[in-house]
Amino acid sequence: MSGDPQRGPAPRQAAIAERVLAAGSATAAELAERFDVSLMTIHRDLDELERQGLVRKFRGGVTAQPSGVFESNVAYRLKTMRAEKAAVADRALRLIEPGMAVMLDDSTSTLEIARRLASPGGTSAGGPGGSSGGASSITALTVVTNFLEALTLLSSERGLHLMALGGDYDPLHSSFLGVSCVEAIQLLRVDICFTSTSAVSGGFAYHQEQHIVSVKRAMLDSAAKNVLLLDHSKLGRVALHRVAPLSRFDLVLVDDGASEELLRDLDEHKVPYEVCPTAAGGADHD
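Residues numbered from 1 in each chain as written. Predicted model: local features only at pLDDT ≥ 70, side-chain atom pairs only at ≥ 80, totals over all residues. Heavy atoms only, no water.

Novice: Before we move on, could you go through the packing of helix α5 (residues 82-93) against helix α6 (residues 108-118) and cite the residues and values that matter?
Specialist: Taken N-terminus to C-terminus, the directions of α5 and α6 make an angle of 60°; their axes are 8 Å apart at the nearest point. By the angle class used here, α5 and α6 are oblique. Crossing angle aside, the handedness with which α5 passes α6 is right-handed. The segment α5 lies against α6, with Lys85, Ala86, Ala89, Asp90, Ala92 and Leu93 engaging Thr108, Ser109, Glu112, Ile113, Arg116 and Leu117. Split by residue class, the contact of α5 with α6 holds 6 nonpolar, 2 polar and 4 charged. (Axes fitted to C-alpha atoms, helices over the stretch in contact; angles between N-to-C directions. Helix = DSSP H or I, 4+ residues; strand = E, 2+ residues; numbered from the N terminus. Parallel < 35°, antiparallel > 145°, perpendicular 65-115°, else oblique. Left-handed = near helix turned anticlockwise from the far one by under 90°. Contact = heavy atoms within 4.5 Å. Nonpolar A, V, L, I, M, F, W, Y, C, P; charged D, E, K, R; others polar.)

This is the structure in structure tokens:
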């Protein structure tokens, strides 16, 4: 695909973002050649995409992938580890009983639970594989979340009481955060909270961003039972901030792509966990 000078910068930047989100990263030289513009123009485009929180620049290129300091954009996270997240969500769904108050954080892992609540008894909307069908029997359910993606997905569901946690809107995470969100959470007591995080190692859960950590901690404090959802890529990694010791969770759910060595780390820290089978039998995502 070559660039078209008549298209202007906005469509080109959207196309650049789409390519980087799909590939994970790209060099400036590669993008300049692909879009038939100068390196100077590409760097201006990348500066704008970085300002929007879609990508991060590094010397000679750009990436949408997470690091120990930065979490990736929600658009990128929605594309990754989809089968693994689906497997974990299928198991998590069986922990939800009629009449429960359920809290979901702003992770794409818990979004898979919301998909199943929005499509009882069938294939999850927009995701690989099918749900376990258990959602059809879950009635009088209250769902609390700060994740705009989940709110939009569940907003038209009948028989479901949906509560939105307000705060400052963060487009990078497509969620509501900040002091107002934390205070709203502190006024609630839910039966079960499903959350995910960017990294797990040495008996602790980690996340890159402090304002996300404060919200997750408040959620853990507000629930009678806490369940951590993980795809295997998060095991054996650390990030800048400790969220909580894994002892804060009643159960950790991880897909079957986790190696024996990584699971051994959970065993050594006496973490209660279950391995959830994927439809693909634990094949790695790229």
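Novice: Kindly report on the pairing of strand β4 (residues 101-104), identifying the contributing residues and their values.
Specialist: Of the two faces of β4, both are covered, the one formed by Ala101 and Met103 as well as the one formed by Val102 and Leu104. Across 4 bridges, the pairing between β4 and strand β5 (residues 141-145) is parallel. From the neighbouring strand, Ala101 faces β5, where its bridge partner is Thr142. With 3 bridges joining them, β4 and strand β9 (residues 190-196) adopt parallel strand pairing. Pairing of Leu104 across the sheet is with Phe194, part of β9. (Buried < 20%, exposed > 50% of the residue type's maximum accessible area, 1.4 Å probe, protein only. Pairing = 2+ DSSP bridges.)

Novice: Break down the pattern of salt bridges for me, citing the residues and quoting the values.
Specialist: Under the definition given, this model contains 10 salt bridges. Between Glu112 and Arg115 there is a salt bridge, with the nearest N and O atoms lying 3.1 Å from each other. Residue Glu112 and its partner Arg115 are both found in helix α6; the two are separated by 3 residues, about one turn of the helix. With relative accessibility at 5%, the residue Glu112 sits in the buried group. For Arg115, a relative accessible area of 15% puts it in the buried group. (Salt bridge = Lys/Arg side-chain N within 4 Å of Asp/Glu carboxyl O.)

Novice: Describe the pairing of strand β15 (residues 273-276), with residues and values.
Specialist: Pairing between strand β14 (residues 251-255) and β15: 4 bridges, direction parallel. Of the residues in β15, the one forming a bridge with Val252 is Tyr273. Handedness of the crossover joining β14 and β15 through helix α10 (residues 260-268) is recorded here as right-handed. (Right-handed = clockwise from strand over helix to strand, strands pointing away.)

Such coordinate-based values are descriptive only and should not be taken to indicate function.
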